[in-house]
Amino acid sequence: MKNVCDRFLKYVSFDTQSDESTGLTPSTSKQMVFAKELAKELENIGLEEITLDEHAYLMATLPSNTDKAVPTIGFIAHLDTSPDMSGKDVQPRIVGNYDGSDIVLCAEDKIILSPKEFPELESYLGQDLIVTNGKTLLGADDKAGIAEIITAIAYLKDHPEIKHGKIRIAFTPDEEIGLGASKFDVPFFACDWAYTMDGGEIGELEYENFNAAGVKIIIKGRNVHPGYAKNKMLNAQHLAMRFASMLPHEQRPEHTAGYEGFFHLTAMNGTVEEASLSYIVRDHDKTLFDNRLKQLQEIVNYLNTLYPAAIVMEIKQQYKNMREIIFPRMHIIDLASQAMEAVGVMPLIRPIRGGTDGCQLSFKGLPCPNIFAGGRNFHGRYEFVSVQSMEKAAEVIVKIAEINYQNIS
């Protein structure tokens, strides 16, 4: 599993940042460049049924090495990195045998990865951490997942004494802009179930995610010269602020955790004449989620009684909680838990406070929970990943394949 670090360091040299403004798949051509390089690597390893379509969905097969009828499982990771920060010219550095002190990422700009601000560092004493130079994100989300999958599959290919069924792997574009599953050909992938390798800290195993919607509140005002505005002007910006103040402040992201949902104001724009508020709405519980949307509509209705036809609400449904797909098939989670325990990892089964490709794939017919890839502080300059966590993730993949065969035997 030592090869996982070398692979990761090579992969982060590819700039694969996605861009939601292009309307294309992949949203950036540089994702295809990376996919083509990975396809060559998979061919050199000796995998079969390697396909790379025009949308940068790369798939391959490690054939079964047994005559037994073993369920076909898949492992999935995404090619792109977040639009939130540049992934160009990433300069990773390994901090060996981390001692718990501050890690200076960039002395010139005084960018420091400190356990005072990031207390999770205390869990990595003695481990080897890969960090940035403070000028880019690292790309562990999700190039760590790609490195782990390829390392594990190469290991299985080189160790035929480990019996396993057919294994499919896939690397997808544009996960970071919510489109990773949009053109994923589930029937062609042909798996009984799969796992995304896209989680954070070691041990994470997730099969519950938010129900999610995007909501835009559009407010029409009435602009009049302020010197003559009495009883005439309707300032759309003030009405926008009034709308925002009517939502419970304790139900914002900064005040919630675990299974608690939220209203998150992501953008606000306005003039006297027109203003808008953009929200993302999240909740694990479907009834509570529906009630949140209802609550927004009730505020719109109330304000429209005071200011007729001033406010319009637009809702865009984004994704649903994959729990309803996975829960009847908990053997998928049990298998992953057993594999983690077998390689000395304590499973941390908890809800995702977000969404993954796996939730969309689950509703497209491919049950697909999420397993840790080891990275922390995604999407920014303070991102890091433990080499030991990546090695354990690769071991978990191998063990899942092995136990999947043993369960049939």
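See the structure shown above.
All figures in this text were calculated on a predicted structure; none of them were measured in a lab. (Residues numbered from 1 in each chain as written. Predicted model: local features only at pLDDT ≥ 70, side-chain atom pairs only at ≥ 80, totals over all residues. Heavy atoms only, no water.)

A. Focus on the sheet that holds strand β15 (residues 348-349). Across the sheet, which stays open at both edges, the eight strands sit in the order β1-β2-β8-β3-β9-β16-β10-β15 with mixed pairing between neighbours. For this open sheet the edge positions go to β1 (48-52) and β15, each flanked by a neighbour on one side alone. Pairing of β1 with strand β2 (residues 58-62), which is carried by three bridges, proceeds in the antiparallel orientation. Looking at the pairing, Thr-51 lines up with Met-59 of β2. Contacting β2, β3 (73-78), β8 (167-172), β9 (193-199) and β16 (370-372), helix α3 (residues 140-158) crosses the sheet at an angle of about 145 degrees to β3. (Pairing = 2+ DSSP bridges. Helix = DSSP H or I, 4+ residues; strand = E, 2+ residues; numbered from the N terminus. Contact = heavy atoms within 4.5 Å. Axes fitted to C-alpha atoms, helices over the stretch in contact; angles between N-to-C directions.)

B. Expanded view of the pairing of strand β12 (residues 262-270). Pairing between β12 and strand β13 (residues 274-283): eight bridges, direction antiparallel. Bridge pairing in β13 places Gly-270 opposite Ala-275. Counting the residues that bridge the hairpin from β12 to β13 gives three residues.

C. Seen up close, a nonpolar patch on the surface. A cluster of nonpolar residues, Met-241, Leu-265 and Met-268, forms a patch on the protein surface that exposes about 270 Å² of accessible area. Structurally, Met-268 can be placed in strand β12. (Patch = residues over 30% accessible without salt bridge, like charges linked within 9 Å, V, L, I, M, F, W, Y side chains within 5 Å. Areas by Shrake-Rupley, 256 points an atom, 1.4 Å probe, with all protein chains shown as cover. Salt bridge = Lys/Arg side-chain N within 4 Å of Asp/Glu carboxyl O.)

D. Structural view of the sheet that holds β13. Ordered by their spatial adjacency, four strands build an open sheet running β12-β13-β11-β14, and the pairing between neighbours is antiparallel. Two strands bound the open sheet, and with one partner strand each, they are β12 and β14 (311-319). Geometrically, the sheet is characterised by an average inter-axis angle of 15 degrees between neighbouring strands, direction not taken into account. Summarising the sheet, strand β11 (residues 211-220) and β14 pair through eight bridges and their orientation is antiparallel. Bridging from a neighbouring strand, Ile-218 pairs with Val-312 of β14. Sheet strands touched by helix α5 (residues 236-245): β11, β12, β13 and β14. Its angle to β13, the strand with the most contacts, is close to 20 degrees. Packing of helix α6 (residues 286-306) onto the sheet brings it into contact with β11, β12, β13 and β14, and relative to β14 it is tilted by some 165 degrees.

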